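# Secondary and tertiary structure notes
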Amino acid sequence: MGSRRLLRMGALAVALVSSAMMLAAQQQKQLPNIGAAGQLGPKPPVGSGGCSVTAPTCADVAPGIIQRALGASPLEGNLRHLTDVIGGRVTGSAAEEQAVNWAVEAFKKAGVDDVHTESYTIPVRWSAGPASLTILAPEGFPVRLASAGWSPATPAGGLTAPVVDVGMGTEADFARVGARAHGALLLVHTKISTTWDDLFGEYGQLAQVTALAPKAGAAGILWMASRPYLITYRLMLSMTGEVGPLPMAIVAREDALRMEQFLHAGTAVRARLVLANKIGGTFEAQNVVAEIKGREKPDEYVILGAHLDSWELGTGALDNGCNAAMVIDAARAIHAAGTRPLRSIRFILFTGEEQGMLGSWAYARAHWAEMDKIDGVIIYDSGDGKVTGYELGGRPEIEPAVRKALAPAAQFGADHDTDGAEMGTDNFDFLLEGVPSLVANQEPAGYMINYHAISDTFDKVDIAAVKREEALAAITAYGIADLPERLGKRQSRAEVQELLRKTGLEEQMKAEGIWSLWEGGKRP
Ligand SMILES: [Zn+2]
């Protein structure tokens, strides 16, 4: 998330907050409950087109939605169930299947008009097996580690090899090491990750090392964890759900530094890596798709989405359980406010995100014929940090409409949009289809040290912060779906190609090995 820069809060925010508080106090008194008993009116006939002049505006409805988001709600209980009861839920696992079924029921309770699952195929099923690294020379010491996601298994009996330090694993590092890399376990250094730039930097570094290491004939990769305190985590080895090119493990930072000190002192280190990962064949996964129908243009829709899958070292609380629970509760808050926006809102919990946004890729492919009907895609996938604004997916021209839609939620101070574009989450394939997309810019909070890690658990989530996110996300979705005009036009392939070049996404896609899929018309 290189383009994400922390926003300017200062005087602007203060002015915004005081006027909004006065506004909110005023509206509290009037908190409408449009529609008898909080029930939404009857489902409008599809494509009715008739406009009801009395339709309440988003500004009318917003206080009710915000109050329901911030107030007592099933959000915390839902998140606790998703994390503490179901737990970490890797796509293709029994836990993920449980989470899908749970989400369908949770959406039903939220009052949506429709909820169903949509299947898609993932090339390879993967689950982690026992992992160990035994230091054979100089003398044994314990090493904590975790397999990379979709890493191949090591041969029976493990992989015994010298450990060779390749620094950050740049081309210069591989040139320096030369033939010593052949048949070795490569120790790769990392920078401690504290910012969004660091997070994307680590992905960029991973793409480079996994491209160079097989060429150098390396036997495996020992990736120094970019977090301290023996925290281990998963990184995905491919962006297409295929098995990675060579065995790789993330080694606890302190243990990797201990190996490095021996090597630095000129002492040879020899080790045996065991990654008894289970690799299975092609399988079906599901996205969960829920909808509140629009009152006048029900066939046009805005997507509010978050991924439901997670890694399983922890329980996937910050990444991305809190936002999956948030999207479900946003549907409840909008339903409970008792009115419908102009267009429909689809609440989608994608799976396969950690494997390379495979669920959203599949959705974009399966709904290709509807792409003109998708008014915009809003994705939350950065934990519970304060939302500072939206990343506009390389489309600064949509910002005026975004700002207009968000006006009723000014109290949250999410007024700093950025016009960069990343391939880090589920907006990506919609962006490639020329559909306007927004990704919430959030302050890192506890995300950097915990995402994908053993420590990503329920206790790390600030529920009140997620409720504020929910209020903002619900107003964003409702506001955009209720705008008289569309958020922005659907770009042509040539315009998207230019956007990819301009935003640097083209380089990222080349580094990640998916540019050829785009060029070949295979992605999305
Ligand atoms: Zn995520």
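Everything below is about the structure printed above this text.
Analysis parameters
Residues numbered from 1 in each chain as written. Predicted model: local features only at pLDDT ≥ 70, side-chain atom pairs only at ≥ 80, totals over all residues. Heavy atoms only, no water. Donors = N, O, S within 2.8 Å, 3.2 Å for Na, K, Ca; no water. Helix = DSSP H or I, 4+ residues; strand = E, 2+ residues; numbered from the N terminus. Buried < 20%, exposed > 50% of the residue type's maximum accessible area, 1.4 Å probe, protein only. Salt bridge = Lys/Arg side-chain N within 4 Å of Asp/Glu carboxyl O. Contact = heavy atoms within 4.5 Å. Pairing = 2+ DSSP bridges. Axes fitted to C-alpha atoms, helices over the stretch in contact; angles between N-to-C directions. Parallel < 35°, antiparallel > 145°, perpendicular 65-115°, else oblique. Left-handed = near helix turned anticlockwise from the far one by under 90°. Nonpolar A, V, L, I, M, F, W, Y, C, P; charged D, E, K, R; others polar. Core = buried A, V, L, I, M, F, W, Y, C linked by side-chain atoms within 4.5 Å. Expected span 1.5 Å × (residues − 1).

### Some details on the coordination of the zinc ion
- Looking at the zinc ion, one finds its protein donor set to be His-307 (NE2), Asp-319 (OD) and Asp-381 (OD), positioned 1.9 to 2.2 Å from the metal centre.
- Look at where the donors of the zinc ion fall in the sequence and you get H-x11-D-x61-D. In this pair, Asp-319 sits in helix H8 (residues 317-336) while Asp-381 sits in the loop between strand E14 (374-379) and strand E15 (387-391), placing the two residues 62 residues apart along the sequence.
- The class of Asp-319 is buried, set by a relative accessible area of 3%.

### What about the pattern of salt bridges?
- For the coordinates displayed, the defined rule picks out 29 salt bridges.
- Here Glu-291 makes a salt bridge to Arg-346, at a shortest N to O gap of 2.9 Å. Pair noted here: Glu-291 is in strand E11 (residues 283-292) and Arg-346 is in strand E13 (residues 343-350), with a separation of 55 residues, a long-range link. Residue Glu-291 shares its accessibility class with Arg-346, and that shared class is buried.
- For the salt bridge of Asp-299 with Lys-373, the shortest nitrogen-to-oxygen distance reads 3.1 Å. With Asp-299 in strand E12 (residues 297-307) and Lys-373 in the loop between helix H9 (358-366) and E14, this residue pair connects regions lying 74 residues apart in the sequence.
- Of the residues examined, Asp-299 reaches a relative accessible area of 35% and is grouped as partly exposed.
- Relative accessible area serves as the criterion here: at 33%, Lys-373 is assigned to the partly exposed category.

### Remarks on the environment of Trp-311
- Relative to the assigned elements, Trp-311 resides in the loop between E12 and H8.
- Each residue touching Trp-311, except ones within four places of it in the same chain, is listed here: Gly-88, Arg-89, Val-90, Trp-126, Gly-149, Trp-150, Arg-234, Met-236, Gly-316, Glu-354, Gln-355 and His-452.

### Points about the sheet that holds strand E5 (residues 159-165)
- Ordered in space as E3-E9-E5-E6-E7-E8-E4, the 7 strands form an open sheet in which the pairing is mixed. Of all strands in the sheet, those with a lone pairing partner are strand E3 (131-137) and strand E4 (145-147), marking the two edges. In this sheet, adjacent strand axes meet at a mean angle of 30 degrees when their direction is disregarded.
- Where E3 lies against strand E9 (residues 270-275), 6 bridges are found, and the strand directions are antiparallel. For Ile-135, the partnering residue across the bridge sits in E9 and is Ala-271.
- Seen against the sheet, helix H6 (residues 196-215) touches strand E6 (185-188), strand E7 (220-224) and strand E8 (248-251) and runs at an angle of roughly 160 degrees to E7.

### Digging into the packing of helix H3 (residues 75-86) against H8
- Interaxial distance between H3 and H8 falls to 9 Å at its minimum, and their mutual angle equals 140 degrees. Judged by the inter-axis angle, H3 sits oblique to H8. Between H3 and H8 the crossing geometry is right-handed. Contacts from Leu-75, Asn-78, Leu-79, Leu-82 and Thr-83 in H3 reach Ala-317, Gly-321, Cys-322, Ala-324, Ala-325, Met-326, Ile-328 and Asp-329 in H8.
- Residues belonging to the contact of H3 with H8 are distributed by class as follows: 9 nonpolar, 3 polar and 1 charged.

### Observations regarding the pairing of E13
- Summarising burial for E13: 8 of the 8 residues are buried, a large majority.
- Where E11 lies against E13, 5 bridges are found, and the strand directions are antiparallel. Each bridged residue has a counterpart across the sheet, and for Val-289 the counterpart in E13 is Ile-348.
- Across 8 bridges, the pairing between E12 and E13 is parallel.

### Things to note about the nonpolar core
- Phe-107, Phe-347, Leu-349 and Tyr-380 are the most contacted members of the largest nonpolar core, which has 80 residues in total.
- No other element matches the 12 residues that H8 contributes to this core.
- In this structure, Phe-174, Trp-223, Ile-231 and Leu-237 belong to the second largest nonpolar core, which totals 25 residues.

### Some points on helix H2 (residues 58-70)
- Compared with the 18 Å implied by 1.5 Å per residue over 13 residues, the 17 Å span of H2 between its first and last C-alpha is a close match.
- The set of residues buried in H2 consists of Cys-58, Val-61, Ala-62, Pro-63, Gly-64, Ile-65, Ile-66, Arg-68 and Ala-69.

### A word on the sheet that holds E14
- One open sheet accounts for 7 strands, arranged E1-E11-E13-E12-E14-E16-E15; its pairing is mixed. Two strands bound the open sheet, and with one partner strand each, they are strand E1 (114-122) and E15. Direction aside, neighbouring strands of the sheet carry axes that sit 25 degrees apart on average.
- Here E1 pairs with E11 via 9 bridges, running antiparallel. In the sheet register, Thr-117 faces E11, and the bridge partner there is Val-288.
- Running at roughly 15 degrees to E11, helix H4 (residues 94-110) makes contact with E1, E11 and E13 of the sheet.

### Overview of the packing of H3 against H4
- Where H3 meets H4, the closest approach of the two axes is 11 Å, and the angle between their N-to-C directions is 160 degrees. Classed by the angle they form, the pair H3 and H4 counts as roughly antiparallel. Seen from above, H3 lies across H4 with right-handed handedness. Note on element contacts: H4 touches H3 through Ala-95, Gln-98, Ala-99 and Trp-102, opposite Asn-78, His-81, Leu-82 and Ile-86.
- Each residue belonging to the contact of H3 with H4 can be placed in one class, and the counts come to 5 nonpolar, 3 polar and no charged.

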